[in-house]
Structures are given as C-alpha cells and as structure tokens.
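A structural walkthrough
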Amino acid sequence: MSDSGVNETAAHILDAQQRLAAHPGRVGDGSPLTYESDKTKQEANRRAVCGKFVPLPTGSCDEYPFASSDQGGNPATVSVEDVDLDDNTRAGGRLGNMYQQSRLLDGEAYWVVITA
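Throughout what follows, the structure given in this document is the object of discussion.

Criteria and thresholds
- Residues numbered from 1 in each chain as written.
- Predicted model: local features only at pLDDT ≥ 70, side-chain atom pairs only at ≥ 80, totals over all residues.
- Heavy atoms only, no water.
- Core = buried A, V, L, I, M, F, W, Y, C linked by side-chain atoms within 4.5 Å.
- Buried < 20%, exposed > 50% of the residue type's maximum accessible area, 1.4 Å probe, protein only.
- Helix = DSSP H or I, 4+ residues; strand = E, 2+ residues; numbered from the N terminus.
- Contact = heavy atoms within 4.5 Å.
- Salt bridge = Lys/Arg side-chain N within 4 Å of Asp/Glu carboxyl O.
- Expected span 1.5 Å × (residues − 1).
- Arc of directions from axis to C-beta.
- Phe/Tyr/Trp six-rings, centres within 6.5 Å; stacked < 30°, edge-to-face > 60°.
- Pairing = 2+ DSSP bridges.
- Axes fitted to C-alpha atoms, helices over the stretch in contact; angles between N-to-C directions.
- Parallel < 35°, antiparallel > 145°, perpendicular 65-115°, else oblique.

Quick look at the nonpolar core
Counting 12 residues, the largest nonpolar core consists of Ile13, Ala16, Leu20, Leu33, Tyr35, Tyr64, Phe66, Leu95, Tyr99, Leu104, Tyr110 and Val112. Only helix H1 (7–19) and helix H3 (85–101) provide two or more residues apiece to this core. If we ignore the near neighbours within four places in the chain, the residues touching Leu33 are Pro24, Gly25, Tyr64, Pro65, Phe66, Ser69, Gln71, Glu108, Ala109, Tyr110 and Val112.

Structure, rendered in structure tokens:
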C-alpha cells in the first residue's frame, strides 16, 4: 500500500512481516498468504485474535496476517495492534478491492508488499 491514508496499518504489516516466524506474506524470504473467501471463517479468525482486544477510543484492532487469509486467526502466530479506526477501515477496503480486482479464488496464494 502506498497511500498516506493507511500509514499506521502499513507500518504494522511491515513490522509483523519482519517479526513473525516464516515472515508471512513477505516477498523473498517469507511464505505467501492464502485467501480465505468464507466470510464466516474470516469473522471467526477476527474474533479469535481481536475478540478481547480493547482499542483506544479512536482505535481499531488490526491483525496481520489478515483475518481473510488462511494464516489469520491463530493468536500464537498473528500480530495484533491498535491502529487508527479510519486508517484501518481504508486499508481493509483496499485489501477487499485487491481481492476483487485480482479475482482471487479461495486458497489462492498472494504476497503483501509495503511500499513507501
């Protein structure tokens, strides 16, 4: 994402890619993420890692790997951070648009590249 409207979310993704084992989604030395198209599974993934998370008043629970990936949903392997609600909402919209524009099917692999 190279959009100043998603700086906090992008910073979280970059940090998580560097810090988490297997560097999920990071090109070069990581493993790709795989798309989870089932909305029920996505919501279960989100609840598993953000269910007890209490964000700041203007914040939001941001998870990486995404709840919409097969790698999301495991509290032991997912990074969670409080990011600005508007930033996180914009980033989620861009991610959804990418899924649609790329016509990703359930289980398809993809990489996440953060650009300045």
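Focus on the pattern of salt bridges
Counted according to the given criterion, the structure contains 3 salt bridges. With a shortest N-O distance of 2.9 Å, Arg19 and Asp15 are connected by a salt bridge. Pair noted here: Arg19 and Asp15 are both in helix H1, with a separation of 4 residues, about one helical turn. A residue is classified by how much of its surface remains accessible, and Arg19, at 46% relative accessible area, is partly exposed.

What about H1?
Compared with an ideal rise of 1.5 Å per residue, which puts 13 residues at 18 Å, H1 spans 18 Å between its outermost C-alpha atoms and is within 8% of the ideal. When H1 is considered as a whole, its buried residues turn out to be Thr9, Ala10, His12, Ile13, Ala16 and Gln17. One side of H1 carries all its buried residues, which in axial view fall inside an arc of 160°. In this structure, the buried side of H1 is in contact with strand S2 (59–64), strand S3 (79–84) and H3.

Here we look at the packing of aromatic side chains
If you walk through the whole model with that rule in mind, you get 3 aromatic pairs. Joined through ring pairs, the aromatic side chains of Tyr35, Tyr99 and Tyr110 make up one cluster.

Observations regarding the pairing of S2
Of all 6 residues that make up S2, 6 are buried, and the element is covered over most of its length. Of the two faces of S2, both are covered, the one formed by Gly59, Cys61 and Glu63 as well as the one formed by Ser60, Asp62 and Tyr64. As paired strands, S2 and S3 are joined by 6 bridges and run antiparallel to one another. Bridge assignment links Ser60 to a residue of S3, and that residue is Val83.

Structural notes on the packing of H1 against H3
Two elements in contact, H1 and H3, have axes whose closest approach is 7 Å; the angle formed by their N-to-C orientations is 70°. Taken together, the axis directions place H1 and H3 in an arrangement best described as roughly perpendicular. Contacts between H1 and H3 involve Asn7, Glu8 and Thr9 on the former and, on the latter, Asp87, Asn88 and Ala91.

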